[in-house]
Amino acid sequence: MSIQWPLLVFSLLTGSGGALLAFTGVAEATGVAKKTRNAAVACALVLLVVGGCASVVHLAQPANIMAAAANVFSFSGISVELIMLGVNVIVGVAYLIASRKEASSSVMRGIAVVGVIAGVVMTFVVGNGYVMQSQPNWNTVLLPLAYMGSGLACGGALYCAIMAAFKEDIAEFKLVGVVAIVAIVIQLAACAAYGAVVASAIDAALYWGGCVGVGSVVALACAIFARKTPLAWWAVFAAALVGGIALRAAMWLAGTGFIDMFSLAAGRAVLGV
Amino acid sequence: MKRCLVIDLDRCSGCDSCVVACKHENGIDLGNYWNRVVPVGPTGTFPDIEQYWLPVQCQQCENPQCVHVCPTGASYRDEKTGVVLVDKDKCIGCQYCMMACPYGVRILNKKTNVVEKCTLCSHLTADGSGIPACVHNCCCGARYYGDLDDPESDASKAVAAALAKDSESVHHLPDPGDSHPATVYILSKKTAEWKGLV
């Protein structure tokens, strides 16, 4: 199957946006990186909205998204993605309003906890819609787990990069930085496990080089370096982004289907059409 | 009710009449298909070689995966007939059904931007009077249409006759999970060994 770029962009941006919201929740709940939080939530909202718009491009007519929205409770893979997209946007907007109105710390922490849950679920569901029995190379829970790892790694790195841009004190990075490194380790483990399961079907250079090598190993090395030089979090984010693109591209290229009868017939026809 | 096709591969000559009849009856554009014929083989070593032709179209699964993933309910299984259909007014062209179909027998019509597939000529057969164009025009008499839950239907009689002659001659396409494809293929060993995953 060819790479469906609108869907690749959708899952990468919305997964990263959800994870960014989750990392803001972690920072809020632990009381660190105060200067960064609102900017990170605003950035998460942009990612979620732009990602959502990218998915619309995949449809035959962009206006058709209204039909999908009207049937949002069909609970198909697409519907669950839409629901979680809406939940994440609502939580992000609620956070910004509560922050602007200087809501009590218990309210802010409540929103933060909901943000962590909604954000992590978002990273998972953008991959879960592809788990289907007709696609043997996608039909494993390791695929959405790899998507989750990718989203968390991108979101965590981006949160730390925004912290660096806001010149947060290096002590503020201690907890969030460790959580971001844990996210990269989760990505490494999940992607390695998924890659091992579909090893024979996947583009080895793209997957092991791009997704695992650059996206996880290089990102991890940069993240360790970034603990003393916070601006290096931008390099971590760039590496995680490359890994996220490689993961998704390799998945689409490995989507051969169970039996593609019409392609088989065309391939064996006298004129090959 | 479980309306579907029964295709006798012992009789199919791979002439593509079913493909032409389908395109003509349903006005399918050049380059698009709702059914095709897959050559299987030849296999073996001369002079002991064998080959058969496998006509493929929507298998009218009893538990269709295309229906489960459809976000708008455009893909549905008509409970009255058991036929899997697409409501073109509801289809948004997201193509998830094409990814979910285990057999790759759905297409996106790029002119109308909706997904299409074999309907078992529902415009002819919905009221129970007609038969699909591919069945009507099969010059080898290899295609049967009817309700497999009705023992008096042409489809059920063809399956019963095949089973009476050879209990191992009735096949379905391999099922990747619990799709339960309804379409039946008859192929006896005197013609060729059933290859399954072709």
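Residues numbered from 1 in each chain as written. Chains lettered and ligands numbered in written order. Predicted model: local features only at pLDDT ≥ 70, side-chain atom pairs only at ≥ 80, totals over all residues. Heavy atoms only, no water.

Named according to an unreviewed UniProt entry, chain B is 4Fe-4S ferredoxin-type domain-containing protein originating from Slackia piriformis YIT 12062.

Under an unreviewed UniProt entry, the name given to chain A is DMSO reductase anchor subunit (DmsC), and the source organism is Slackia piriformis YIT 12062.

**Focus on the overall build of chain A**
Counting its secondary structure elements, chain A contains 10 helices and zero strands. Reading the secondary structure of chain A in the N-to-C direction produces α-α-α-α-α-α-α-α-α-α. Relative to a compact globule of 273 residues, whose C-alpha radius of gyration would be 19 Å, chain A shows 19 Å and is just as compact. With respect to the principal axes defined by its C-alpha atoms, chain A has extents near 70 × 45 × 25 Å. Per-residue burial over chain A gives 52% buried out of 273 residues. The contacts in chain A between residues at least 6 apart in sequence include a share of 77% that link residues at least 24 apart. Accessible surface computed for chain A: about 10900 Å², of which carbon and sulfur atoms make up 72%. (Helix = DSSP H or I, 4+ residues; strand = E, 2+ residues; numbered from the N terminus. Rg over C-alpha atoms; globule rule 2.2 N^0.38 Å. Buried < 20%, exposed > 50% of the residue type's maximum accessible area, 1.4 Å probe, protein only. Contact = heavy atoms within 4.5 Å. Areas by Shrake-Rupley, 256 points an atom, 1.4 Å probe, with all protein chains shown as cover.)

**Remarks on the overall build of chain B**
Counting its regular elements, chain B contains six helices and 10 strands. A compact globule built from 198 residues would reach a C-alpha radius of gyration of about 16 Å, and chain B, at 17 Å, matches this within 12%. Taking the principal axes of the C-alpha coordinates as reference, chain B spans close to 50 × 35 × 35 Å. By the burial criterion, 56% of the 198 residues in chain B qualify as buried. Sequence separation of at least 24 residues holds for 55% of the intrachain contacts in chain B that already meet a minimum separation of 6. Carbon and sulfur atoms make up 52% of the accessible area of chain B, which amounts to about 8700 Å² in all. Placing the 19 positive and 24 negative side-chain charges of chain B at their respective mean positions leaves the two points 5 Å apart. (Lys, Arg positive; Asp, Glu negative; His and termini not counted. Charge placed at Lys NZ, Arg CZ, Asp CG, Glu CD.)

**Concerning the pairing of strand S1 (residues 3-8) of chain B**
Residues and elements named next belong to chain B. In terms of burial, S1 is largely enclosed, as six of its six residues are buried. A two-sided burial pattern is seen for S1, the buried positions comprising Arg3, Leu5 and Ile7 on one face and Cys4, Val6 and Asp8 on the other. In the sheet, S1 pairs with strand S8 (residues 143-147) via five bridges, with the strands oriented antiparallel. By the bridge assignment for S8, Val6 is matched with Tyr144. (Pairing = 2+ DSSP bridges.)

**Side note on the pattern of salt bridges**
All names here are of chain B. Within this structure, the stated rule accounts for six salt bridges over all chains. A salt bridge links Glu116 to Lys88; the nearest nitrogen and oxygen atoms lie 3.4 Å apart. Taken together, the residues Glu116 in strand S7 (residues 114-116) and Lys88 in the loop between strand S5 (84-86) and helix H3 (96-100) connect sequence positions 28 residues apart. One salt bridge in this structure joins Glu168 and Lys189, with 3.0 Å as the shortest N-O distance. Taken together, the residues Glu168 in the loop between helix H6 (154-165) and strand S9 (170-171) and Lys189 in the segment after strand S10 (184-186) connect sequence positions 21 residues apart. (Salt bridge = Lys/Arg side-chain N within 4 Å of Asp/Glu carboxyl O.)

**Notes on the nonpolar core**
Formed by 48 residues in total, the largest nonpolar core has its most connected members in Met261 of chain A together with Leu9, Tyr52, Leu54, Tyr103, Tyr185 and Trp194 of chain B. Residues in contact with Tyr52 of chain B, not counting those within four places in the same chain, are Leu9, Val38, Pro39, Val40, Leu187, Ala192, Glu193, Trp194, Lys195 and Gly196 of chain B. In this structure, Leu21, Val32, Cys160 and Ala232 of chain A belong to the second largest nonpolar core, which totals 47 residues. (Core = buried A, V, L, I, M, F, W, Y, C linked by side-chain atoms within 4.5 Å.)

**What to know about the sheet that holds S8 of chain B**
Backbone hydrogen bonds are what pair the strands of a sheet, in a parallel or an antiparallel way. Residues and elements named next belong to chain B. Taken in spatial order, the four strands make up an open sheet running S8-S1-S10-S9, and their pairing is mixed. What marks the edges here is a single partner per strand, and that holds for S8 and S9. Pairing between S9 and S10: two bridges, direction antiparallel. Residue Val170 lies in a different strand from S10, and its bridge partner there is Ile186.

**Details of the interface of chain B and chain A**
Taken together, the contact between chain B and chain A spans 40 residues of the former and 34 residues of the latter. Across the chain B to chain A interface the summed buried area is about 3000 Å²; carbon plus sulfur atoms make up 64%. Counting the surface chain B buries against chain A, the share from its top three residues, Ile92, Tyr96 and Met99 of chain B, is 24%. Along the contact surface separating chain B from chain A lie zero salt bridges. Remark: the boundary between chain B and chain A carries 12 residue pairs in polar contact (both at pLDDT 80 or more). Contributions of two or more residues to the side of chain B that touches chain A are made by strand S2 (36-45), strand S3 (48-56), helix H2 (65-69) and H3 of chain B. If you tally residues by element for the side of chain B that touches chain A, the top one is S2 of chain B, at five residues. Of the residues that constitute the side of chain B that touches chain A, the class distribution is 27 nonpolar, 10 polar and three charged. (Buried area = accessible area lost by both parts, 1.4 Å probe. Polar contact = N/O pair within 3.5 Å; in protein donor to acceptor, adjacent residues only side chain to side chain. Nonpolar A, V, L, I, M, F, W, Y, C, P; charged D, E, K, R; others polar.)

**A look at the UniProt feature "transmembrane region" (unreviewed entry) in chain A**
In the numbering used here, UniProt assigns the feature "transmembrane region" (unreviewed entry) to residues 6-27, 39-60, 72-98, 110-132, 144-166, 178-199, 205-226 and 233-254 of chain A. A helix fraction of 91% and a strand fraction of 0% characterise residues 178-199 of chain A, whose end C-alpha atoms lie 30 Å from each other. (UniProt positions renumbered as here; feature names shortened; annotations may be inferred.)

**A few points about the environment of Asp166 of chain B**
Residues and elements named next belong to chain B. Along the polypeptide, Asp166 turns up in the loop between H6 and S9. For Asp166, a relative accessible area of 24% translates into the label partly exposed. As a C-alpha pair, Asp166 and Leu187 span 21 residues in sequence and 9.4 Å in three-dimensional space. When sequence neighbours within four positions are dropped, the list of residues in contact with Asp166 reads Ser188 and Lys189.

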